[in-house]
Each structure stands twice: as structure tokens, then as C-alpha cells.
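# Geometric and topological summary
Spelled out from the first residue to the last, the chains are:
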Amino acid sequence: LKGSGLTPYSRMGDGRAVLRSSIREFLASEALHALGIPTSRALCVIGSSTPVWREKQERGAMVLRLAHSHIRFGHFEYFYYTKKPEQQAELAEHVLNLHYPECREQPEPYLAMFREIVERNAEMIAKWQAYGFCHGVMNTDNMSILGLTLDYGPFQFMDGFDPQHVCNHSDTQGRYAYARQPNIAYWNLYCLGQALLPLVGEQDLTVQVLEGYKTAFPRALGNAMRAKLGLVGDLAPEPLREADWTLVADLLQLLAAERTDYTIFWRRLSQCMTVGWWTSETADTAWRAVDDLFLDRLRWRAWRARYRLRVGDAQPQALGLTMLRSNPKFVLRNHLAELAIRQARDGDFTEIDRLLHLLQSPFDEHPDMEAYAAFPPDWASHLAISCSS
């Protein structure tokens, strides 16, 4: 239970949660699950009339949060820095036996477990980046030992693509900006490796496993971005990976220069591929919808020509259908969550149900719900999201 009151772990806080943050976590965790991003789940939200003070007085609430484990990197750090080796060993044995039993068969079980944790987190962060998800507070106590997305606070799916976007208005230094998330994950894994070092006993081997992140993350991100472009199966032979990454990198630079809406761009590109390259009224209309996202048409069309050359003789309709399964139509934009929260404060929870229905099938068209896939309104850019969110 998150927000149930004082526990031995509440420190100086009140152990409460507000309705606003509880609704956001409930919707976001289900949204990420539907996108295939590893995450904790939310079974339900329970409202309360108890007042809770954050930036202001708000209604309280609780979330019943589910996961195979809520153990974080910070648990290991705690025992490491408080010099409690027996408890550290007991915790490591618990995680090893319950969650990584296959590592028991390895010559160095703890090192094998650390390798699995590194790879799982590399996969998770790659999916964050591919879908434009910003976590906002990537402290080591918010990093899962199972590679799950945990502790939804000032998260955000980006609207206009900006690698330097900071979703947490409390993060004045931009430590957890979107583009910094992969390196922050590496730093957090470094901290975990240091905490596990007394159990592993081999610093060089621990560093070697940690450095595997520098291979695992680019590989996972490259695969995710290639899938967004439909470059899978026969279109993804191994020797072309470097050239494909150049194609992706140039596209991301263009999206950043124009602050192009990230979700809408990828969905429209996918829809264009389903109608093909050839000239027809349908194709012209579809491609015009993508062209209109860019002010620098020459730069965009130059990239599009490179993409078409890369795709070659592949059937665009089949490629487009593949892309539609990698590029969602619906994500939990901040303004959508905000509207649901405002209604919930007045006792109307229908918007939460509607959003949940959409977010559980984000790749489907839902033609009667087009407004939820539209550009965000101007007021959305003024929403301030903090840790208490």
C-alpha cells in the first residue's frame, strides 16, 4: 500500500499520498505495461477524505501497488554504508534464491545476478527512451532490482521532442533530463555494484560486468528504434546496424530541432507506410500529414528519401502494420491525466475509466477517441509536475 500512513520507513514524512499522485501512478503503470515496458502494476486507487499537505492541502488516497519485488538498489546501499554485512548477505541470498535462482548454477552467483540486473535495467531504459518516457526522479532508491519502472512521481511522456527536457520542476539542475537517463542508470548500477562488492569480492570482475551496460543499452535502444522504423526481420541484417543507427540519430536531431510532437510523428509515419510510397490521393494526404509536422521541409524530405532507399523493395503496407505495433496512438500525456484528476476531485471517475481503457490498448485506433491522440493544448505546457505529483 502506498499512502497508507506511517510505517517504519516513513522517516520524517507522514506516509500519506495525495489523490493526484495516486491517479497518475495508477494510470501510468498500466500504460507502461501495455507498451511492453517492465513496471510495477496498480491494482486499485482508494480515495480518502483525509487532508494531506504537500505544496497545498489536497485529498488523500492510497494505491495498491503490485510487483514481484519492491527491493531497490538503495536497500543494498543501506546495508553497505551502515556496515551491516550479515544483513547485506541475507538480502542478497533472498534476491538470489527468489528472483535469480538460475544464477546459482554459475561459478560466481552474485556476479551473475549483477549481470542480469545490469541487462534488465538496460532493456528498461532503452524502452523509456524509445517511447519518449521521462521518469523524473532516478535515485538509486527508485531503481528496481528486477529492472521495473518504480515510483511514479513527476513522470512525463514528452510532447514536443526535446532531449534536454526535464519533467520535474524541482530538478533545477536537469540531472534527470530525458537524454541523461541512460547515464544516470549507469551511475545507479555503479552504486549497486559497489554495494555488492563485499559479496562478489572481485572488483575487476564487477567493473567488467558493469561495463556490459555500455553494450547492452545501445543494442537494446537500437533494436527498439529500428522496430519503430519497421526495420525488423529480413530488413534488419546484422551488418546494417551502424548505418541504421545513423539514420535514427539524424532523424532524432531533426525532431529535436523542430520540437516535433514525438508520439504523433511516429504514428503518422507508421500510417503513411500502410498506404505506400506511390502517388495516389490517399498516399498524398497521408504523407502531407507528416510533412506538415516540419518547417524545414527540405531537411525532412532528404531524410525521408534516405529512409525509402533503406527500405528498398519491401512491401510498405506490411512494414507499416509492423510499425503500428511499435508506435502507439495513445500515451498518458500530462494534460490528459490532469483532466482526469480534476474530475476525480469532484467525485467523477469516468475519465479515469476512459483513459484506462485507451491506455490498455494504446496501439489500437479507437476512431471515436481521436481527441485523446491530438496535439496537447497550450495550457499543458504550463503544468508543473513535482516529486509530490
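The structure we're discussing is the one just above.
Fair warning: this is a prediction, and the values are worked out from it, not measured in the lab.

### Focus on the pattern of salt bridges
- According to the stated counting rule, one finds 25 salt bridges in the structure shown.
- Notably, a salt bridge pairs Glu58 with Arg20, separated by 2.4 Å at the nearest N-O pair. With a gap of 38 residues between them, Glu58 in strand S3 (residues 57-66) and Arg20 in helix H1 (residues 19-35) connect regions that are remote in the sequence.
- Judged by its relative accessible area of 8%, Glu58 is buried.

### As for the packing of helix H6 (residues 203-211) against helix H7 (residues 213-228)
- Axis separation between H6 and H7 bottoms out at 5 Å; the angle between their running directions is 15 degrees. It follows that H6 is roughly parallel to H7 by the angle criterion. Of the residues in H7, those in contact with Val209, Leu210 and Glu211 of H6 are Tyr213, Lys214 and Thr215.
- When its residues are assigned to classes, the contact of H6 with H7 shows three nonpolar, one polar and two charged.

### Some remarks on the sheet that holds S3
- Across the sheet, three strands lie side by side as S1-S3-S2; this open sheet has antiparallel pairing. The two strands at the open ends of the sheet, each matched to only one other strand, are strand S1 (17-18) and strand S2 (41-53).
- Bridging between S1 and S3 involves two bridges; their strand directions are antiparallel. Within S3, the position partnered with Val18 by the bridge is Gly60.
- Here H1 sits on the sheet and contacts S1, S2 and S3; the angle it forms with S2, its principal contact strand, is near 170 degrees.

### Some points on the pairing of S3
- Relative to S3, S2 runs antiparallel, the two sharing nine bridges. What sits directly across from Cys44, in S3, is Leu64.

### Considerations on H1
- In this model, H1 (17 residues) spans 24 Å end to end at C-alpha, consistent with the 24 Å of a helix rising 1.5 Å per residue.
- The buried count for H1 comes to 15 of 17 residues, which makes it a mostly enclosed element.
- Directly after H1, the chain includes Gly36, whose backbone phi takes a positive value near 85 degrees.

### A short note on the nonpolar core
- In this structure, Phe76, Leu229, Phe265, Trp300 and Tyr307 are the most contacted members of the largest nonpolar core, which totals 112 residues.
- If you tally residues by element for this core, the top one is helix H4 (residues 109-131), at 14 residues.

Calculation criteria
- Residues numbered from 1 in each chain as written.
- Predicted model: local features only at pLDDT ≥ 70, side-chain atom pairs only at ≥ 80, totals over all residues.
- Heavy atoms only, no water.
- Salt bridge = Lys/Arg side-chain N within 4 Å of Asp/Glu carboxyl O.
- Helix = DSSP H or I, 4+ residues; strand = E, 2+ residues; numbered from the N terminus.
- Buried < 20%, exposed > 50% of the residue type's maximum accessible area, 1.4 Å probe, protein only.
- Axes fitted to C-alpha atoms, helices over the stretch in contact; angles between N-to-C directions.
- Parallel < 35°, antiparallel > 145°, perpendicular 65-115°, else oblique.
- Contact = heavy atoms within 4.5 Å.
- Nonpolar A, V, L, I, M, F, W, Y, C, P; charged D, E, K, R; others polar.
- Pairing = 2+ DSSP bridges.
- Expected span 1.5 Å × (residues − 1).
- Core = buried A, V, L, I, M, F, W, Y, C linked by side-chain atoms within 4.5 Å.

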